[in-house]
Each structure stands twice: as C-alpha cells, then as structure tokens.
Amino acid sequence: MTKNLLEIQALRKRYGSVEVLKGVDCTMQQGEVISIIGSSGSGKTTMLRCINMLEDFQGGRILIDGEPIGYEERNGVRVRKSEKEIARQRALTGMAFQQFNLFPHMTAASNVMLGLIKVKKMARDEARSVAEKWLDRVGLGQRADHYPGQLSGGQQQRVAIARAIAMNPRLMLFDEVTSALDPELVGEVLQVIKDLAADGMSMLLVTHEMRFAFEVSSRVIFMNQGVIGEEGDPKVMFLKPQTERLAEFLKTSSFA
Amino acid sequence: MNEFSAFLDQVWLARFVILRGLGLTVSISLLAIALGSVLGVLVGLALTYGNRPLRFVVRAYTDFIRGTPVLVLVLASFYILSTIGIELNAFQAGVFALAVFCSSHVGEIVRGALQAIPAGQTEAAKAIGLTFRQTFTSVLWPQALRQMLPTWVNTAAEMVKRPRFCPSSAWPSFCSARRRSSRAIS
C-alpha cells in the first residue's frame with residue numbers, strides 16, 4: 001500500500017460553542033487532485049486552513065507524510081507544537097487565498113523570493129532565478145518587477161500561486177482562488193492550476209467552479225454541515241449523486 | 001505703519017534673545033521627538049502584541065498621558081519629580097515631559113497602523129513558513145511605516161509648538177523670551 005501524503009483523522013474544530021468540523025476523516029495520495037465542494041458554512045475552507053495551522057483545531061489529527069501537524073502528545077496530553085516548529089510544518093504545504101494576499105510593498109519577484117530567502121535560506125541570486133522561473137511558468141515573466149497594485153486580479157492571483165509553489169511544497173491548498181475575480185479573469189488562473197495538475201502536483205482545492213472541479217479532479221469531496229457528505233469520482237458525484245443533499249446542492253450550483 | 005516699524009524695532013532689539021529662544025525650542029523639540037518616537041514604538045508594540053497584563057498597564061499609561069495637558073506634564077516633571085529625588089533642570093524637565101507626551105501619541109499611531117494591516121497579510125506570510133519575527137520585519141513593519149508616516153509628521157510638528165510650556169522662569173523659550181523682551185522694552 002502506498003503511503004498517504006495527507007491523512008486527516010476525526011478532525012474537530014469549534015469556534016466558541018459552534019462546532020464547524022464534526023469529525024472529518026480523509027486520506028490523500030501523492031499526485032491526487034481533490035476538490036472540496038459544498039455550501040458556505042459547511043466547513044470546507046476551515047478544513048483547508050486547519051491543514052496548515054492557520055486555524056487551531058480541538059480534536060483529531062492531521063498527518064502529512066505521517067508527520068502529525070500542529071500538535072503532539074506529551075505524557076498523554078495534547079499540546080500545541082512550538083511556533084518555530086509550526087512555521088516549519090506550514091512550509092510543507094503551499095496556500096493560495098481568495099484575496100490573493102500579495103505583499104503590496106514588494107514587487108512580484110520579491111513576493112516570490114521572500115520565503116525562499118527567509119525560510120529556505122537561499123542566496124539572493126538563486127532566489128531571483130527560482131522566482132523568475134515560476135513567474136514564467138504562470139505567464140508573468142514580463143511582470144516580475146511590477147508591484148501588485150500594477151497587476152490585474154488574475155495576474156495577482158497567478159503571482160500568489162507562484163509564491164506558494166516556488167517553496168516546493170508537498171501539497172498545494174487552494175482556497176476559492178477564483179471567487180474574487182472578474183469572470184473574464186477566472187480562466188487564466190484555472191489554466192495555471194490545470195498545468196500544475198498535469199505536472200503531478202498534489203492539490204486540495206476548495207472551489208465553487210463546478211465545471212472546473214469536474215474536469216480537473218481525480219476525486220471530489222462534498223462537505224455538508226461539518227462532515228463529509230459524499231466523496232468519490234467526479235463523474236459519479238456530478239452525474240449520479242448518491243445522496244439527496246448532494247443532488248440538491250448541485251441543482252442550485254452553477255454546474256450544468 | 002508707524003506702529004509696524006516700532007514693532008520691527010523691538011524685534012531687532014530683541015534679536016539675540018529671540019534667536020536663543022528659537023534654538024532652545026528646536027533642541028527641546030528634536031530631543032523630545034527622537035526620544036518620544038523610540039519610546040512610542042515600544043508602547044505601540046506592547047499595545048498591539050503584548051499579553052493582557054502588559055496591554056492593560058500600557059493602555060493605562062497612554063490614556064493617562066494623552067488625557068493630561070502638556071503644561072501639567074511639564075510642571076509635574078519639574079516640580080513633582082524633584083520630591084522623589086529626581087532633580088531635573090528646566091530643560092531636562094521639558095524634554096522629559098514632551099518625550100512622554102510624544103510617546104503616548106506615537107504609541108497609538110503605531111498600534112493603529114499595525115492593526116490596519118489586513119489579517120490576510122499575516123496569514124500569507126505564515127503560509128510560506130515565516131516565523132512571527134520574520135513576518136513582522138519583512139511584511140508588517142514596512143507597511144505600517146508607510147501608513148503612519150503622515151500622522152507621525154503631524155505629531156512631530158505638534159511637538160515643535162509645545163515647548164512654549166517649558167518653565168520660562170529658568171529657561172526662556174522662544175515665545176516666552178519674546179514676551180519678556182517686549183515687556184522689557186516697553
């Protein structure tokens with residue numbers, strides 16, 4: 001049996017008295033592309049954010065390459081790992097955000113270089129050439145010295161993806177990366193993600209683009225009220241949904 | 001017209017006193033701005049990132065200082081500090097009081113600038129594996145600095161106008177010197 005790249009066991013997360021994740025179990029193999037769909041409030045973004053510890057979680061375990069993320073058992077007590085250790089583990093995954101979150105005071109190239117220099121301890125010249133390579137890959141080689149404010153939304157999002165992927169993560173997390181974009185800019189970002197998928201990058205995507213999820217995913221997870229409602233092959237999921245809840249969700253979504 | 005030339009005569013007669021006052025104002029202000037800004041950055045950091053007890057103490061400090069008139073602060077540093085064995089001359093007391101005043105304002109400016117940065121910036125920095133210290137120095141502080149520069153300049157300008165409150169009996173500052181000299185002439 002192949003080793004799991006990602007393993008989520010009985011993941012529980014609450015905000016105050018509201019339980020957002022009520023025991024999520026999920027495994028993922030190297031090279032898989034998994035889309036997470038579901039209505040808002042179903043916990044899909046929260047699950048993604050737990051994987052790189054942008055959110056603390058109260059129960060269960062998340063393992064990347066068998067290594068427990070964020071928490072460890074010490075004398076039978078569950079404790080949060082040190083900030084330094086968590087920072088190191090966060091670099092195992094790359095994340096692209098709905099709002100891009102580029103650093104506005106840095107050029108596109110510097111945005112990509114920051115992590116390479118500070119975390120990977122690369123020399124400046126080396127970091128620059130890695131940054132240029134990835135900006136080329138997302139079609140922005142000519143924009144390396146532009147500031148985020150001088151780029152369109154689609155271009156900013158592509159820089160943000162380059163910034164995450166340049167760190168050479170084991171797993172890429174995409175959090176509704178096209179939701180803040182004008183419709184005509186969505187395509188260029190999805191194309192970048194498709195290219196990465198074709199390269200064999202392992203990816204976990206939270207998305208509202210059902211057509212895209214259908215085309216690119218090797219597996220789809222439908223989140224419903226804090227648990228996985230249904231999961232499986234996209235053809236089965238979209239064309240012959242097994243649960244009533246998923247059928248209902250697909251009817252109201254843009255998938256046609 | 002006659003009155004105006006009489007005024008100019010007085011200014012001319014008092015030119016050395018006025019210039020000395022001007023120099024004093026400038027040096028008190030510059031020292032107070034420099035010290036106050038350094039202290040203010042620390043105050044701002046404590047207000048933003050400090051734990052609860054630290055935040056409480058520093059919040060009390062800024063609110064108290066900001067709510068106290070500068071004249072009272074100056075007089076307090078000159079007269080009250082001497083009762084607990086800290087003897088400041090008028091110049092030192094002026095710099096001290098204004099620096100303290102400046103620090104509370106700069107502290108709020110720093111806090112505001114840091115808190116105005118969207119949370120997404122910190123999250124993006126975390127996501128590429130930066131520690132808090134790296135996030136602060138590379139991502140948050142450079143942005144906060146740009147944000148707070150205009151307000152900081154305002155506060156600094158305010159500091160230049162305040163030394164008139166410094167004890168004039170011992171060290172005439174620019175304004176009080178002018179007042180005294182015009183009285184002496186008339």
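Residues numbered from 1 in each chain as written. Chains lettered and ligands numbered in written order. Predicted model: local features only at pLDDT ≥ 70, side-chain atom pairs only at ≥ 80, totals over all residues. Heavy atoms only, no water.

A. Fine view of the sheet that holds strand β8 (residues 93-96) of chain A. Residues and elements named next belong to chain A. Read across the open sheet, the six strands follow the order β8-β9-β10-β3-β11-β12; overall the sheet is mixed. At either margin of the open sheet sits one strand with a lone partner, and together these are β8 and β12 (227-232). Across the sheet, the axes of successive neighbouring strands diverge by a mean angle of 20 degrees, strand direction being ignored. Here five bridges tie strand β11 (residues 219-224) to β12, and the two strands are oriented antiparallel to one another. Each bridged residue has a counterpart across the sheet, and for I221 the counterpart in β12 is E231. (Pairing = 2+ DSSP bridges. Helix = DSSP H or I, 4+ residues; strand = E, 2+ residues; numbered from the N terminus. Axes fitted to C-alpha atoms, helices over the stretch in contact; angles between N-to-C directions.)

B. Structural detail: the interface of chain B and chain A. Counting from both sides, the interface comprises 17 residues of chain B and, opposite them, 22 residues of chain A. Interface area, chain B with chain A, both sides summed: about 1,700 Å², of which 64% is carbon and sulfur. The interface formed by chain B and chain A holds one salt bridge in total. We note a salt bridge from B:E123 to A:R49, for which the minimum N-O separation is 2.7 Å. (Contact = heavy atoms within 4.5 Å. Buried area = accessible area lost by both parts, 1.4 Å probe. Salt bridge = Lys/Arg side-chain N within 4 Å of Asp/Glu carboxyl O.)

C. Spatial organisation of the confidence of the model for chain B. Residues and elements named next belong to chain B. Confidence in the prediction for chain B averages 85 pLDDT; 87% of positions are at 70 or higher. Mean pLDDT in chain B bottoms out at helix α8 (residues 174-185), which sits at 45, and peaks at helix α6 (residues 119-127), which reaches 96. Here the predicted complex scores 0.85 on pTM and 0.90 on ipTM. (pLDDT = per-residue confidence, 0-100.)

D. Main features of the packing of aromatic side chains. In this structure the tally under the stated criterion is nine aromatic pairs over all chains. By way of ring pairs, the aromatic residues B:Y49, B:F132, B:F136 and B:W141 are connected into one cluster. The cationic tip of A:K13 hangs over the ring face of A:Y15; the distance from NZ or CZ to the ring centre is 4.5 Å. Positioned over the ring face of A:F103 is A:R163, at 4.5 Å from the centre of the ring. (Phe/Tyr/Trp six-rings, centres within 6.5 Å; stacked < 30°, edge-to-face > 60°. Lys NZ or Arg CZ within 6 Å of the ring centre and 35° of its normal.)

E. Structural detail: the UniProt feature "domain: ABC transporter" (unreviewed entry) in chain A. As annotated by UniProt and renumbered to match this structure, "domain: ABC transporter" (unreviewed entry) occupies residues 6-250 of chain A. Summarising residues 6-250 of chain A: 37% helix, 28% strand, and an end-to-end C-alpha distance of 27 Å. (UniProt positions renumbered as here; feature names shortened; annotations may be inferred.)

F. Highlighting helix α5 (residues 90-115) of chain B. All names here are of chain B. Helix length check: α5, at 26 residues, gives a terminal C-alpha distance of 38 Å against a target of 38 Å (1.5 Å per residue), a fit within 8%. The element α5 is largely enclosed, with a buried count of 19 among its 26 residues. Between a side-chain oxygen at the N-terminus of α5 and the backbone nitrogen of F91 the separation is 3.0 Å; the capping residue is N89. (Expected span 1.5 Å × (residues − 1). Buried < 20%, exposed > 50% of the residue type's maximum accessible area, 1.4 Å probe, protein only. Polar contact = N/O pair within 3.5 Å; in protein donor to acceptor, adjacent residues only side chain to side chain.)

G. Summary view of the nonpolar core. Judged by nonpolar contacts, the single largest core of 110 residues is most densely connected at A:F174, A:I193 and A:L204. In terms of residue count, the dominant contributor to this core is α5(B) (eleven residues). If we ignore the near neighbours within four places in the chain, the residues touching A:F174 are A:L48, A:A96, A:I161, A:I193, A:L196, A:M203, A:L204, A:L205 and A:V206. Counting residues in hydrophobic clusters, the runner-up holds ten residues, among them A:M210, A:A213, A:M237 and A:L246. (Core = buried A, V, L, I, M, F, W, Y, C linked by side-chain atoms within 4.5 Å.)

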